[in-house]
Amino acid sequence: VLHKNSSIWWASTSAHYYRDINDKIIGVEGIARDITQRVTAENELLKKNKELISAKKKIEESEGRFKALHDASFGGIAIHDNGIIIDCNMGLSVMTGYSKDELIGMNGLDFIAESSRPNVIKKIEEGYEKSYDEVGIRKNKETFQVRISARNIIYKGKTVRVTELRDITLYKNNEIELLR
């Protein structure tokens, strides 16, 4: 409805016609309710919904880029919450011999050699963020030299730890050979 001052308001109307015996309209009885506030609120909700959908798409795109980079890494990457793996890349699967499905929910310390576990636990508890070398253990019980780099991140709204592991066995063997 357009007011005389040119402002617009929304109305919900209902009407009943009165007819004579010849079915000619002789009167109208009706009601109009001002629903401007409701329409304005609905439009605001639609606007917010569109903004949320847009934000969700951006998050999904960002997660897609992260996943692509995550899986393209040459090392093994695990995102864990107090050691329990909540996500990982295929590089970790290749390195450890466990399938990706086996790794999800697994304690990451299971592929760290017993001799290295106390130091790794200490680094996790301290939130240590520099690289350090330890001994890993594959599913087939073969040990290997591993360089670990980790940091705390926010992932899906929670503070967790992302850890990259690199098999440096060849590097270490070459280093030993050079020393000889």
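Above this text you will find the structure in question.
Values in this document were obtained by computation on a predicted structure and should not be read as measured data.

A. Focus on the environment of Val120. Tracing the sequence through the fold places Val120 in helix H4 (residues 117-126). The exposure class of Val120 is buried, given its relative accessible area of 6%. Distance in space between the C-alpha atoms of Val120 and His16 is 80 Å, their sequence separation being 104 residues. Once residues within four sequence positions are removed from consideration, Val120 is found in contact with Leu109, Ile112, Tyr132, Glu134 and Ile148.

B. Representation of the pairing of strand E5 (residues 132-137). Relative to strand E6 (residues 143-155), E5 runs antiparallel, the two being bridged by 6 bridges. Residue pairing across strands places Gly136 opposite Phe144, the latter belonging to E6. Between the end of E5 and the start of E6, which pair antiparallel, lie 5 residues, with Lys141 showing a positive phi angle near 75°.

C. A look at H4. Those residues of H4 lying buried are Arg117, Val120 and Lys123. Each buried residue of H4 lies within a common arc of 125° when the element is viewed along its axis, so the set occupies one face. The exposed residues of H4 that point more than 90 degrees off its buried face are Pro118 and Glu125. Of the surrounding elements, those touching the buried residues of H4 are E5, E6 and strand E7 (158-167). Trailing H4 by a residue or two, Gly127 shows a phi angle of about 70°, which is positive.

D. Structural view of the nonpolar core. Core analysis: the largest hydrophobic core is formed by 17 residues, its most contacted members being Ile85, Leu92, Leu103, Phe111, Ile148 and Leu165. No other element matches the 3 residues that E6 contributes to this core. Once residues within four sequence positions are removed from consideration, Ile148 is found in contact with Ile112, Val120, Lys130, Ser131, Tyr132, Glu134, Thr163, Glu164 and Leu165.

E. Fine view of the pattern of salt bridges. Throughout the structure, instances matching the rule amount to 10 salt bridges. The shortest N-O distance in the salt bridge between Arg117 and Glu114 comes to 2.8 Å. The class for Glu114 is exposed, based on a relative accessible area of 58%. We note a salt bridge from Glu142 to Arg138, for which the minimum N-O separation is 3.5 Å. Residue classification places Arg138 among the buried positions, given a relative accessible area of 15%. Look at the salt bridges and you will find they share partners, linking Arg138, Glu142 and Asp167 into a network.

F. Seen up close, the packing of aromatic side chains. This structure, assessed with the given rule, holds 1 aromatic pair. Taking the centre distance of 5.7 Å and the plane angle of 75° together, the rings of Tyr128 and Tyr132 count as edge-to-face. A residue is classified by how much of its surface remains accessible, and Tyr128, at 24% relative accessible area, is partly exposed. Using a relative accessible area of 10% as the deciding quantity, one classes Tyr132 as buried. One Lys or Arg, Arg138, reaches over the ring of Phe144 and ends 4.1 Å from the middle of that ring.

Scoring rules and cut-offs
Residues numbered from 1 in each chain as written. Predicted model: local features only at pLDDT ≥ 70, side-chain atom pairs only at ≥ 80, totals over all residues. Heavy atoms only, no water. Helix = DSSP H or I, 4+ residues; strand = E, 2+ residues; numbered from the N terminus. Buried < 20%, exposed > 50% of the residue type's maximum accessible area, 1.4 Å probe, protein only. Contact = heavy atoms within 4.5 Å. Pairing = 2+ DSSP bridges. Arc of directions from axis to C-beta. Core = buried A, V, L, I, M, F, W, Y, C linked by side-chain atoms within 4.5 Å. Salt bridge = Lys/Arg side-chain N within 4 Å of Asp/Glu carboxyl O. Phe/Tyr/Trp six-rings, centres within 6.5 Å; stacked < 30°, edge-to-face > 60°. Lys NZ or Arg CZ within 6 Å of the ring centre and 35° of its normal.

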